[in-house]
Amino acid sequence: MRIVVVEDSVLLREGLVRLFEEFGHEVVAVLGDPEALPATVEADRPDLVVADVRMPPTFTDEGLRAAVALRHRHPGLPVLVLSQWVEERYATELIEQDPAGVGYLLKDRVADVAEFMAAAERVAAGGTALDAEVVGQLFARRRPGALDALTRREREVLALMAQGRSNTGIARALSISAGAVEKHITSIFQRLDLGADGAEHRRVLAVLAYLDSA
């Protein structure tokens, strides 16, 4: 896949470029701030944009706002955002536009290279990759106690669902059977009054629709 990397930290930027290239992907542009991002996307038509949230000039949420603007201008453009924390307002807007082709990962969770690359490739293919902490904080802030009805295991399953994991992937991560995963997911939808859907990004959309109804 063809990737644009937007990151102001030279070390992290070069590390991402080398990582993507080692996995056989092409980095078509590398930017230190989001100012040139719209023109770069227009010119290079990447398969994925990877952007940091904190970018010049204020180092607050420029990268995330740029990602939101890109998705408005280019619906469906795969975007993977990397951050040190959850920025609720723009994170919600980015995801609720359409969770297909959207990723929001916390940097301190991206320790497993293979898992990170799988998430990037999943987003580029139109899937969803949300950090469990992102989903948990959005739930907590939008509706305190919203997850109280869920069991501990159901919370774990929900977090993995939101990351875009398949039932098989969830089963592997939690060391339980695929049948048990299906039962947990059915229970989650029932407890949260959500309609179940087989598509991975639609499952995340259902969770976000519940958040939006608060």
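Engineer: When you look at the nonpolar core in this model, what are you seeing that I'm missing?
Structural biologist: Generally speaking, soluble globular proteins have nonpolar side chains that are buried together. Within the largest apolar cluster, 30 residues are counted, with the highest numbers of intra-cluster contacts made by Val6, Leu37, Val49 and Tyr104. Take this core: its biggest share by element is five residues, from helix 3 (residues 62–73). With sequence-adjacent residues up to four places away left out, Val6 is seen in contact with Leu31, Asp33, Pro34, Leu37, Val49, Val50, Ala51, Asp52 and Met55. Formed by 18 residues, the second largest nonpolar core is a distinct cluster that contains Ile3, Leu80, Leu105 and Ala120.

Engineer: Looking at this model, I keep getting lost on the side chain of Asp52. Mind explaining?
Structural biologist: Take Asp52: it is sitting in strand 3 (residues 48–52). For Asp52, the side chain forms a polar contact with the side chain of Lys107, separated by 3.0 Å. Residues contacting Asp52, with those up to four places away along its chain left out, are Val6, Glu7, Asp8, Gly63, Leu64, Leu82, Ser83 and Lys107.

Engineer: Would you explain the pairing of strand 3 in this entry?
Structural biologist: Note on strand geometry: in a regular strand, side chains alternate between the two faces of the sheet. For strand 3, the buried fraction is high: five of the five residues fall into the buried class. As paired strands, strand 1 (residues 2–6) and strand 3 are joined by four bridges and run parallel to one another. For Ile3, the partnering residue across the bridge sits in strand 3 and is Leu48. Relative to strand 4 (residues 79–83), strand 3 is paired through four bridges, and the arrangement is parallel. By the bridge assignment for strand 4, Val50 is matched with Leu80. Each parallel crossover has a hand, and the one from strand 3 via helix 3 to strand 4 is right-handed.

The rules we used
Residues numbered from 1 in each chain as written. Predicted model: local features only at pLDDT ≥ 70, side-chain atom pairs only at ≥ 80, totals over all residues. Heavy atoms only, no water. Core = buried A, V, L, I, M, F, W, Y, C linked by side-chain atoms within 4.5 Å. Buried < 20%, exposed > 50% of the residue type's maximum accessible area, 1.4 Å probe, protein only. Helix = DSSP H or I, 4+ residues; strand = E, 2+ residues; numbered from the N terminus. Contact = heavy atoms within 4.5 Å. Polar contact = N/O pair within 3.5 Å; in protein donor to acceptor, adjacent residues only side chain to side chain. Pairing = 2+ DSSP bridges. Right-handed = clockwise from strand over helix to strand, strands pointing away.

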